[in-house]
Amino acid sequence: MNALKVAVAEDEVMNLKRLTRLLVDCGCDVVATFPNGLEMEEWMRSGPDVDALFLDIQMPGLDGLSLRSSLPRELPVVFVSAFAEMAVGAFEVEAVDFLLKPVTTERLAKALDRIRGRKPAPDRTHGTGTKRYPVIAGSGVLFLDLVRTAYFEVEDQIVWAIAGERFRTRWKTLGEVEAAFPNAGLMRIHRHLLIRPEAVLGIRSAGGGNRVIVRLTGGIELEASRGATPDLRARLGLL
Amino acid sequence: MLNLPFALVVGWFLAGKERAEASEEELMEKEHKARTLALQAQLHPHALYNVLSGLAELVHEDADATENAIVGLVEMLRMLTHHGRATSLPLAQERALLKRYLAIESLRLGDRLKVQWDWPDWADPIVLPPLLLQPLVENAIKHGVAANPDGGEIRIGIRRQGPELILRVANTGARLDSKAPEGTGLSNLRERLALLPQRRARLNIRLEGDWTTAEIHLHEPGMS
C-alpha cells in the first residue's frame, strides 16, 4: 500500500512535532507542515500532491474550520484540538475525524483508516459512484450529493444548487459545473439553467406548444429555451 | 421604665453596634465576593490542555526540560490556588506567579512570545488584592500574541504617577478589536476593582500604535 501523503497545520511547536512524529510512525509521508492556516492555504493553491490534511482548529490568522472551507479541492480533513467542544464545528464541515490533543498513536491509526476508507481508487475518477460538491453554509461548507440535486442556476456569476433548498456553490459559471461532472449527463435547458435529467418528473407544453415546461423533483417547474427543447425531448426519449 | 436620656444612650449604643455589625458584615461579604471572583479569575483549565499535550511530546525530546516544565506547572497551579484564596498579597507574589505562567506559555508559543519587564524593586512589598495582572497578561497572550502568526511582545510594568499606582500590561500581535465584547476575564477583573472604592480603582484599555495597553489605576492611601 502506498504511503498516505499528508500535510499538517498547527501553530504550537510541540504539538506540531508530536503529530508529525506520530504520522510518520503510522507510515504516512508528511509532505509539508505549517505553523498557521494562512501558509497552508497559500500552499494548497499551488495544487500540491497530498491525500489528506490534519488541521488544528484554533490557529492565528486563519483557523482550521475556515481553512477547510477555502480549500480549492475536496480532500479528507482531520481536525485536531485540545477542546472537545470544537468537535461539533468540525463535523459540521464534514471532517473525516476529530482528534483530541494529546493525539495518541492508537487514535491516529483509526483516523488514518477512515481516510483510507474514503480515498478514491485512482481508476475510479469517471465511475458512477457518489459525486459530491461543496456548498457554502454559514462560515463553513456542506457537501451535497449530485444525485440529490435537481438543477443548477447561475445568477450574477454565482452558481446556485437546488437540492431541496437553494445552496450557494463556489462555482461562477455553469461551464465549471459541467467540467466538474463530465460524465454525469447534466443538461442545459436554458442559458442559465443546468438540470440533472434524472430529476425530471415530467414535461408539458405551454404557450401554444412553442415552449416546454419541465417539472423536477420537489415540484419545481422550469421553462426550457426553444433551442434546448429538441435535445431535451431526445434525452428523455420523447422523440 | 427606662428614663428617656438613658434609653437614647442605649438606643444610640445599640444602633452604633448594629451599624458596626452591619459594616463588618458588609466588609466580610465584600471579602467573600472578592475571593469568589478571584477564584473564578484563575487561569482557565483550557489553557492547560495545550501545554500538557505539548509536554507529551517534549518528553520524547528532552527529559530534563520536561521535568522542569512539570515542576513549574505544579508550582504555578499551587500559586494560583493560594492567590485565589487570599484577599491581599504583596505584588512580589503576583510577579512570581506571572513568571511561572509566562514560562509555561513560552513552552507552548516558543519564539512567538517575547516578554519585557519594567518592574521596580519598590513595587514588590506593596500589598494588593491578588490576580490583578494575571488576567491582563492572559488576555494579552490569548488575543494578542497567540492570535498573531508572528507572535508578539508583552511588556509588564508598574509605575507611580501622582497619587496613583499604575499596573500596566501592553502587547503587540493581533490588534485589539474594540467592537468585540469584553471576555469574562476582564469583566471579572472590573467587578473586583469595583469592590475597591477606597482605591478609586479603574481599568483602562486602549490602542497606542501597534500596542494594546491595559492599565489598572489605583489610588495609594496616604498619597495626596
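This write-up is about the structure you can find in this document. What you are looking at is a predicted structure, and each value in this text was computed from that prediction instead of being measured.

## A closer look at the overall build of chain B
A tally of regular secondary structure across chain B gives 6 helices and 7 strands. Overall, chain B shows an N-to-C arrangement of helices and strands of α-α-α-β-α-β-β-α-β-β-α-β-β. Across the 224 residues in chain B, those meeting the buried criterion constitute 30%. Taking the intrachain contacts of chain B between residues at least 6 apart in sequence as the baseline, contacts between residues at least 24 apart amount to 73%.

## Comments concerning the overall build of chain A
Of regular secondary structure, chain A possesses 7 helices and 15 strands. When each of the 239 residues of chain A is scored for burial, the buried share is 36%. Intrachain contacts of chain A at a sequence separation of at least 6 include 51% that bridge at least 24 residues.

## Thoughts on the packing of helix H5 (residues 134-145) of chain B against helix H6 (residues 184-194) of chain B
All names here are of chain B. At a closest axis distance of 9 Å, the pairing of H5 and H6 adopts a crossing angle of 160 degrees. Compared by their axis directions, H5 and H6 come out roughly antiparallel. In this structure, the crossing between H5 and H6 has a hand that is left-handed. Across the interface between the two elements, Pro135, Glu138 and Asn139 of H5 pack against Gly185, Leu186, Asn188 and Leu189 of H6.

## Focus: the nonpolar core
Residues and elements named next belong to chain A. Val6, Leu55, Val78 and Ile195 are the most contacted members of the largest nonpolar core, which totals 63 residues. Two domains each put at least three residues into this core: domain 1 (5-120) and domain 2 (146-235). Setting aside its immediate chain neighbours within four residues, Val6 contacts Leu23, Cys28, Val30, Val31, Val50, Asp51, Ala52, Leu53 and Phe54.

## What about the interface of chain A and chain B?
Taken residue by residue, the interface counts 15 residues in chain A and 15 residues in chain B. For the side of chain A that touches chain B, the leading source of residues is helix H1 (residues 13-25) of chain A, giving 5 residues. In the side of chain A that touches chain B, the residues fall into 8 nonpolar, 3 polar and 4 charged.

## A closer look at the packing of helix H3 (residues 63-85) of chain B against helix H4 (residues 91-109) of chain B
Residues and elements named next belong to chain B. Between H3 and H4, the shortest axis-to-axis distance is 9 Å and the interhelical angle comes to 140 degrees. Compared by their axis directions, H3 and H4 come out oblique. Between H3 and H4 the crossing geometry is left-handed. Between H3 and H4, the residues in contact are Ala69, Gly72, Leu73, Glu75, Met76, Met79, Leu80 and His83 and Ala96, Leu97, Arg100, Tyr101, Ala103, Ile104 and Leu107, respectively. Per-class residue counts for the contact of H3 with H4 are 11 nonpolar, 2 polar and 2 charged.

What counts as what
- Residues numbered from 1 in each chain as written.
- Chains lettered and ligands numbered in written order.
- Predicted model: local features only at pLDDT ≥ 70, side-chain atom pairs only at ≥ 80, totals over all residues.
- Helix = DSSP H or I, 4+ residues; strand = E, 2+ residues; numbered from the N terminus.
- Buried ≥ 20, exposed ≤ 12 C-beta atoms within 10 Å, placed from the backbone.
- Contact = placed C-beta atoms within 7 Å.
- Axes fitted to C-alpha atoms, helices over the stretch in contact; angles between N-to-C directions.
- Parallel < 35°, antiparallel > 145°, perpendicular 65-115°, else oblique.
- Left-handed = near helix turned anticlockwise from the far one by under 90°.
- Core = buried A, V, L, I, M, F, W, Y, C linked by C-beta atoms within 7 Å.
- Domains from an automatic or database assignment.
- Nonpolar A, V, L, I, M, F, W, Y, C, P; charged D, E, K, R; others polar.

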